[in-house]
Amino acid sequence: MRGQTQGRLTKDGITLHDPSDFEGMRASCQLAARTLDMIGEHVKPGVSTLELDTLIHEYIEANGATSATVGYRGYQHASCISLNHVVCHGIPSDKRIKDGDILNIDVTCILDGWFGDTSRMYKAGKLARRSERLIEVTHESLFQGIEQVKPGNTFGDIGAAIQRYVEKQRMSVVRDFCGHGLGRVFHSAPNVLHYGRWGTGPVLEPGMFFTIEPMVNLGRPDTKVLADDWTAVTRDRSLSAQFEHSIGVTEDGCEIFTLSPANKFHPTWTD
């Protein structure tokens, strides 16, 4: 899954992409976003997560792209689908969605050599208020982090903004997983932490491409990985939620590559 990087490298090993590279990222990321727009109408009680994954795989290939996760380190699916207390990397299966479930669906497309990575939350049926609030806080935390993305700020500013907001809501930020650089590779420098201290870490520069993807728990932040070596769950079985955008730093701020074309990034917007 790893390819050759392009552009210059900073002293921290972060690729600075050329302005022309933004076009490739836009195309791949918009396909990823359209994929998640498409799958929303299929998320309902009684549907299996494997059925959703099959639709995702077919859609990506029908649009001239491939899934970055099929074959990645032995993984065999075009998405990760994480239900309720699953933090991330849930494996699609015959498990059927129930009324009141919340789930994160994460996809990465490869289109013309560019990796577009995004995830968002979905709901099945009527949710409990605590589930709704967790989704709301997680969504807002992502945009609290994105507000810090501009040249001269640091990656620590992104994490500090997310952590400050989430903890004020008496929820917790997962420490065990983070965002990452991407472009013509799936994962590269930097690690984008969703917690931290203001003014620390590498300085943001135009041309950096990376994901911000906070995972927020209703309970404690601790996680564990199950015996399948993929599925990460909350240790206390509390609910978890996640939203993810791919971002490019511009001369005066940032571009969100994975905005939903149909304005369906938040689950309540699909109603």
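Conventions used here
- Starting from 1, residues in each chain are numbered consecutively following that chain's sequence as written.
- Since the coordinates come from a predicted model, pLDDT governs what is reported: local features require at least 70, and pairs of side-chain atoms require 80 or more to be given and counted, while whole-chain, interface and lining totals use all residues.
- The side-chain values count all of the structure's non-hydrogen atoms but skip hydrogen atoms and water molecules.
- Note on conventions: DSSP H or I runs of at least 4 residues are helices, E runs of at least 2 residues are strands, and numbering of each starts at the N terminus.
- Using a 1.4 Å probe on the protein chains alone, a residue whose accessible area is under 20% of its type maximum counts as buried, one over 50% counts as exposed, and one in between counts as partly exposed.
- Working rule for contacts: check all heavy atoms of both residues, and any pair within 4.5 Å makes them a contact.
- Only Phe, Tyr and Trp rings take part, Trp by its six-membered ring, and two of them pair if their centres are within 6.5 Å. Stacked means planes under 30 degrees apart, edge-to-face means over 60, and tilted covers everything else.
- Helix axes are fitted only over the stretch in contact, all axes being lines through C-alpha atoms; the angle between N-to-C directions runs from 0 to 180 degrees.
- Orientation categories follow fixed angle ranges, with anything under 35 degrees roughly parallel, anything over 145 roughly antiparallel, 65 to 115 roughly perpendicular, and all other angles oblique.
- Left-handed is the label given to a crossing in which the near helix is rotated counterclockwise from the far helix by less than a right angle, and right-handed is the label when the rotation is clockwise.
- One requirement defines pairing of two strands: DSSP has to find at least two bridges between them.

Colleague: Any chance you could break down the environment of Leu36 for me, citing the residues and the numbers?
Modeller: Here Leu36 shows up in helix 1 (residues 21-39). Look at Leu36 and you get buried, because its relative accessible area is 0%. Non-local contacts of Leu36, meaning those with residues more than four positions away in its chain, are made with Ile105, Val107, Thr118, Ser119, Arg120 and Tyr122.

Colleague: Give a description of the packing of aromatic side chains that names residues and reports values.
Modeller: What the rule picks out here adds up to 10 aromatic pairs. On the numbers, 5.0 Å between centres and 55° between planes, the contact of Tyr72 with Phe186 is tilted. Within this pair, whereas Tyr72 is found in the loop between strand 3 (66-67) and strand 4 (80-83), its partner Phe186 is found in the loop between strand 9 (179-181) and strand 10 (188-192), the two being separated by 114 residues in sequence. According to the relative accessible area criterion, Phe186 is buried, its value standing at 6%.

Colleague: Describe in detail the packing of helix 1 against helix 2 (residues 49-62), supporting the description with residues and values.
Modeller: The geometry of helix 1 relative to helix 2 is characterised by a closest axis approach of 10 Å and an angle of 140° between their N-to-C directions. As summarised for this structure, helix 1 and helix 2 are arranged oblique, according to the angle between their axes. Note on packing geometry: the crossing formed by helix 1 with helix 2 is right-handed. Residue-level inspection shows Leu31, Arg34, Thr35, Met38 and Ile39 of helix 1 in contact with helix 2, the latter providing Leu52, Leu55, Ile56, Tyr59 and Ile60.

Colleague: Give a description of the sheet that holds strand 12 (residues 215-217) that names residues and reports values.
Modeller: Taken together, the 3 strands give an open sheet; going across it, the order is 8-12-15, and neighbouring strands pair in antiparallel fashion. The two strands at the open ends of the sheet, each matched to only one other strand, are strand 8 (172-173) and strand 15 (240-242). Note: strand 12 against strand 15, 3 bridges, orientation antiparallel. Residue pairing for strand 15: Met215 is matched across the bridge by Gln242.

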